[in-house]
Amino acid sequence: MVEQYSEANTGDQAIINTLQPLIDSRIACKMGIARAKQSWITLLLEIRSVGNAYNLLIDRVRGFEEALAKFPEGFLSNSRIK
């Protein structure tokens with residue numbers, strides 16, 4: 001299967017340019033979910049283009065799935081990077 005990569009717009013590219021050095025350095029980062037009061041320490045692994053969106057892959061975090069399950073559908077899709 002051949003993966004197709006969409007071109008990033010200016011805002012997306014700025015975010016990618018901010019995150020890529022952290023991915024490359026493998027430095028542990030504190031991440032949080034806006035409006036959710038949830039945070040954790042993890043490694044950023046990769047930014048992957050999927051269709052017209054980008055996915056940020058992170059290292060496994062114990063309890064992450066259970067924490068996400070507590071929020072109503074759509075709550076996190078509207079979160080923004082600060």
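Scroll up to find the structure.
Quick summary incoming for the structure in this document. Computed from a predicted model, the values in this text were never measured in an experiment. (Residues numbered from 1 in each chain as written. Predicted model: local features only at pLDDT ≥ 70, side-chain atom pairs only at ≥ 80, totals over all residues. Heavy atoms only, no water.)

## Describing the pairing of strand E2 (residues 38-50)
Relative to E2, strand E1 (residues 28-33) is paired through six bridges, and the arrangement is antiparallel. Along E2, the bridge assignment pairs cysteine 29 with threonine 42. Taken together, the six bridges between E2 and strand E3 (residues 53-58) define a ladder with antiparallel strand orientation. From the neighbouring strand, valine 50 faces E3, where its bridge partner is alanine 53. (Pairing = 2+ DSSP bridges. Helix = DSSP H or I, 4+ residues; strand = E, 2+ residues; numbered from the N terminus.)

## Things to note about the pattern of salt bridges
Per the stated rule, a full pass over the model turns up one salt bridge. Close ionic contact of arginine 48 with glutamate 46 constitutes a salt bridge, the shortest N to O distance being 3.1 Å. Look at glutamate 46 and you get partly exposed, because its relative accessible area is 32%. (Salt bridge = Lys/Arg side-chain N within 4 Å of Asp/Glu carboxyl O. Buried < 20%, exposed > 50% of the residue type's maximum accessible area, 1.4 Å probe, protein only.)

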